[in-house]
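Working through the structure, step by step
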Amino acid sequence: MKIRITMNAIRRIQKPVNGKLIIEVPEDFENKDCEIIVLKAVEEEIKNMGNEAEPTRYEVLQQFKGIVKDSTYQVNEDDVYNQ
């Protein structure tokens, strides 16, 4: 059995109006099944929303450090350029 996991997520903090939330989705979500999870936002997250910088390619690679078979491989900043 093959399992393919992909994740494309939208994170938005908004207040309900009359108990309803309206969510606009990108074109690639159109006519697809979508999972909706509603959580009460934490005040700290609301303050920081929009202030988060995009992670660098190096930071993204560091998240996978230690989960591949050869966990002795050391990732450095040049690895993202030498693919």
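It should be noted that the structure appears before, not after, this text.
The present account deals with the structure reproduced in this document. (Residues numbered from 1 in each chain as written. Predicted model: local features only at pLDDT ≥ 70, side-chain atom pairs only at ≥ 80, totals over all residues. Heavy atoms only, no water.)

A count of helices and strands for the protein chain gives two helices and zero strands. For the protein chain, buried positions account for 5% of its 83 residues. The contacts in the protein chain between residues at least 6 apart in sequence include a share of 30% that link residues at least 24 apart. As displayed, the protein chain has an accessible area near 8,900 Å², and 51% of this comes from carbon and sulfur atoms. (Helix = DSSP H or I, 4+ residues; strand = E, 2+ residues; numbered from the N terminus. Buried < 20%, exposed > 50% of the residue type's maximum accessible area, 1.4 Å probe, protein only. Contact = heavy atoms within 4.5 Å. Areas by Shrake-Rupley, 256 points an atom, 1.4 Å probe, with all protein chains shown as cover.)

The residue Lys 65 is located in the segment after helix 2 (57-63) in this model. The class for Lys 65 is partly exposed, based on a relative accessible area of 44%. Separated by ten residues in sequence, Lys 65 and Val 75 place their C-alpha atoms 7.5 Å apart.

What follows deals with unusual backbone geometry. Unusually for a residue other than glycine, Asn 18 sits at a positive phi of about 55 degrees. Here Asn 18 shows up in the segment before helix 1 (43-48). By relative accessible area, which is 74% here, Asn 18 ends up exposed. In this model, Asn 31 sits at a positive phi of 55 degrees, which is unusual for a non-glycine residue. When you line up the elements, Asn 31 lands in the segment before helix 1. The class for Asn 31 is exposed, based on a relative accessible area of 80%.

On the surface, Ile 10, Leu 21, Ile 23, Val 25, Ile 36 and Val 38 cluster together to form a nonpolar patch covering roughly 530 Å² of accessible area. Positionally, Val 25 belongs in the segment before helix 1. Taking the relative accessible area as the measure of exposure, Val 25 reaches 35% and is therefore partly exposed. (Patch = residues over 30% accessible without salt bridge, like charges linked within 9 Å, V, L, I, M, F, W, Y side chains within 5 Å. Salt bridge = Lys/Arg side-chain N within 4 Å of Asp/Glu carboxyl O.)

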